[in-house]
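Listed below, chain by chain, are the residues.
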Amino acid sequence: MIRFLDLGKVNAAHGAEIEAAIARAVRSGWYLQGREVASFEEEYAGFIGTAKAVGVANGLDALILIFRALIESGRLSPGDEVIVPANTYIATILAITETGLTPRLVEPDPVTLQIDPLKIEEALGPRTKALMIVHLYGRCAYNDRIADIVKKHNLILLEDNAQAHGAFYDTRRTGSLGLAAAHSFYPGKNLGAMGDAGAVTTDDEELENIIRALANYGSQRKYVFKYQGKNSRLDEIQAALLRVKLRHLDADNNERRRVASIYYDSISHPDVMLPPTPDMHRNVFHIFPVLSDRRDELQRYLKDNGVETLIHYPIPPHRQECYSEWANMSLPITESIHSRELSLPISPVLTDEEAIKVATLINNF
């Protein structure tokens, strides 16, 4: 079986360094808010290209804490609208509704699968205050048109960078393009922990200070609580192993580009559409999506031939039971993507032979 993502092999590639880092954290006797977290925050901010990074418990908390901090600082108010791509993982939208804000779902470009800049301005209303772009599949969603829209309408630009650790827009990395960005280090991410972990990156000192307090029960000094906060802290052991994997992230992303190049060069089937070949520098290929009207049949065929695939995502957010108030909303491009998308195996440890086998099987489908 060619696994969709073999995390055992991914981590084994840096196993000795990871084990030494974890042992160092364990021996320290300090497991929260210590040197490993402080060092990771500094190193990750340097990697992304921001002044600050705040380690938190997971990616969803990172998103929620950004919106909470914007409300606490008076830059957003409950009921304000946030434009967000309809084609995204539900966490992006959960963070908006969780904080009393209103999501405005915008369709993707059917070619790039990212939010369509031409549709953003159509969605603007009198209470639209922010735009959350999502660098889905590891592809940079930002472009010059979005930059112009943000400036023209004085929008707060935010980033969901959960799937794009290390991706670029020109010479800048995703996660440094807006006021703040949320990052998930869920084990399957390009920079993955061995459990849940996340971070917020920003250049805004006020926002950083509020997020840091909110994530620590709302406290800026011990037993004094300025905000109604929560407990959302990155622990020392996860930070220690993330520091190791961060050192290898660019090289690991290059290995993902190697696999993607094989797919682009080798897959040719009239019923299987590959998104257009991107600038490889911009894309870190967290997911390699293909689209097919015969998606379910193709997935069964690949499974029968020893290839594991996943679907990102089978049900779009506006069709989920938790958002039943959107049941009559029509988003045909998003719905089409979710009914046709299939994710092929891709990781730093997938071999050329395995990638060629996947491509050959698809061509013979």
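Moving on to the environment of Glu 98. One can find Glu 98 in helix α5 (residues 90–98). Along the chain, Glu 98 and Ala 147 lie 49 residues apart, while their C-alpha atoms are 27 Å from each other.

Now for the packing of helix α4 (residues 59–72) against α5. Contact pair α4 / α5: the axes reach a minimum separation of 9 Å and the direction vectors enclose 35 degrees. In this structure, α4 crosses over α5, and the sense of that crossing is right-handed. Residue-level contacts link Leu 60, Leu 63, Ile 64 and Phe 67 of α4 to Ala 91, Thr 92, Leu 94, Ala 95, Ile 96 and Glu 98 of α5. Here the contact of α4 with α5 is built from residues that sort into 8 nonpolar, 1 polar and 1 charged.

Moving on, we come to the side chain of Thr 99. Relative to the helices and strands, Thr 99 is located in the loop between α5 and β3 (102–106). Residue classification places Thr 99 among the buried positions, given a relative accessible area of 8%. Separated by 2.9 Å, the side chain of Thr 99 and the backbone oxygen of Ala 95 make a polar contact. With residues up to four places along the chain from it excluded, the contact list for Thr 99 reads Ile 64, Phe 67, Arg 68 and Ile 71.

Here we come to the environment of Tyr 44. Note that Tyr 44 resides in helix α3 (residues 35–48). The spatial distance from the C-alpha of Tyr 44 to the C-alpha of Ala 199 is 9.0 Å, given a sequence separation of 155 residues. Non-local contacts of Tyr 44, meaning those with residues more than four positions away in its chain, are made with Ala 53, Asn 161, His 165, His 183, Phe 185, Leu 191, Thr 201 and Leu 246.

Bringing the sheet that holds strand β8 (residues 180–184) into the picture now. Read across the open sheet, the 7 strands follow the order β1-β9-β8-β5-β4-β2-β3; overall the sheet is mixed. Since the sheet does not close on itself, it has two edges, and those belong to β1 (52–56) and β3, each with one partner. Adjacent strand axes in the sheet meet at a mean angle of 20 degrees when their direction is disregarded. Bridge analysis of strand β5 (residues 156–160) against β8 gives 3 bridges, and the strand direction is parallel. Within β8, the position partnered with Glu 159 by the bridge is Ala 181. Packed on one face of the sheet, helix α8 (residues 205–214) meets β1, β8 and β9 (198–202) and runs near 15 degrees to β1.

Reading guide: rules and limits
Residues numbered from 1 in each chain as written. Predicted model: local features only at pLDDT ≥ 70, side-chain atom pairs only at ≥ 80, totals over all residues. Heavy atoms only, no water. Helix = DSSP H or I, 4+ residues; strand = E, 2+ residues; numbered from the N terminus. Axes fitted to C-alpha atoms, helices over the stretch in contact; angles between N-to-C directions. Left-handed = near helix turned anticlockwise from the far one by under 90°. Contact = heavy atoms within 4.5 Å. Nonpolar A, V, L, I, M, F, W, Y, C, P; charged D, E, K, R; others polar. Buried < 20%, exposed > 50% of the residue type's maximum accessible area, 1.4 Å probe, protein only. Polar contact = N/O pair within 3.5 Å; in protein donor to acceptor, adjacent residues only side chain to side chain. Pairing = 2+ DSSP bridges.

Remember that the coordinates give geometry; whether it matters functionally is a separate question.
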